[in-house]
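Structure at a glance
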Amino acid sequence: MTEKSKRGFASMDAEKQREIASKGGKAAHAKGTAHEFTSEEARRAGQKGGEAVSRNREHMAEIGREGGRKSRKSESA
């Protein structure tokens with residue numbers, strides 16, 4: 001199998017990626033082309049994310065178990 005090239009954005013370390021992405025975001029805002037969410041758009045995006053997460057029943061069960069464990073710890077303190 002051929003080896004993958006070590007070039008491009010995805011191969012950079014996370015800090016370098018953040019730096020480049022930040023520059024892009026700042027440029028878009030300065031130019032006036034950046035998207036800014038309205039409160040309604042943000043609410044809907046959050047709702048969609050919550051719906052997607054809640055479809056995973058095992059994940060939701062684990063969240064519930066973790067909350068129960070934390071709850072019991074605070075009761076005994």
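Up top is the structure.
The residue numbering used here restarts from 1 in each chain and proceeds along that chain's sequence as written. Per-residue local features are limited, in this predicted model, to residues with pLDDT of at least 70; the limit for side-chain atom pairs, both in listing and counting, is 80 or more; totals at the level of whole chains, interfaces and linings are taken over all residues. Excluding hydrogens and water, the side-chain figures rest on all heavy atoms present in the structure.

A closer look at the overall build of the chain
- Labels follow the DSSP assignment, with helices taken as runs of H or I lasting at least four residues and strands as runs of E lasting at least two, numbered in each case from the N terminus. What the chain contains, in helices and strands, is three helices and zero strands.
- Only protein chains enter the area calculation, which uses a 1.4 Å probe; residues under 20% of their type maximum are buried, those over 50% are exposed, and those in between are partly exposed. Within the span of the chain, comprising 77 residues, buried residues form 0% of the whole.
- If you sum the accessible surface of the chain, you get close to 7,000 Å²; carbon and sulfur atoms cover 55% of it. Accessible surface is estimated by sampling points in the Shrake-Rupley manner with a 1.4 Å probe; for residues, cover comes only from the protein chains shown.

Some remarks on the pattern of salt bridges
- Here, a salt bridge means any Lys or Arg side-chain nitrogen found within 4 Å of an Asp or Glu carboxyl oxygen. Applying the stated criterion across every chain, the model contains nine salt bridges.
- The partner of Arg 69 in a salt bridge is Glu 62, and the shortest N-O contact between them spans 3.1 Å.
- By relative accessible area, which is 39% here, Arg 69 ends up partly exposed.
- Residues Glu 66 and Lys 70 are paired through a salt bridge, measuring 3.2 Å at the closest nitrogen-oxygen approach. On the criterion of helical spacing, the pair formed by Glu 66 and Lys 70 is a turn pair, its members being four residues apart in helix 3 (residues 57–76).
- Overall, Glu 66 belongs to the partly exposed group, its relative accessible area being 35%.
- Residue Lys 70 is classed as exposed on the basis of its relative accessible area, which comes to 53%.

Side note on a nonpolar patch on the surface
- A cluster of nonpolar side chains, namely Phe 9, Met 12 and Ile 20, defines an oily patch on the protein surface of about 240 Å² accessible area.
- For Met 12, the location among the structural elements is in the segment before helix 1 (14–31). Nonpolar side chains (Val, Leu, Ile, Met, Phe, Trp, Tyr) are joined into patches within 5 Å and like charges within 9 Å, using only residues with over 30% relative accessible area and no salt bridge.

What about helix 1?
- The end-to-end C-alpha separation of helix 1 is 26 Å, in line with the 26 Å expected for 18 residues at 1.5 Å each.
- Two or three places before Glu 15, at the start of helix 1, stands the capping residue Asp 13, its side-chain oxygen 3.1 Å from that residue's backbone nitrogen.
- Positive phi appears at Gly 32, one or two residues downstream of helix 1, with a value of about 90°. An expected span of 1.5 Å times one less than the residue number is assigned to each helix. Counting of polar contacts relies on pairs of N or O atoms within 3.5 Å, with two restrictions inside protein: one atom must be capable of donating a hydrogen and the other of accepting it, and residues adjacent in sequence are counted only when both atoms are side-chain atoms.

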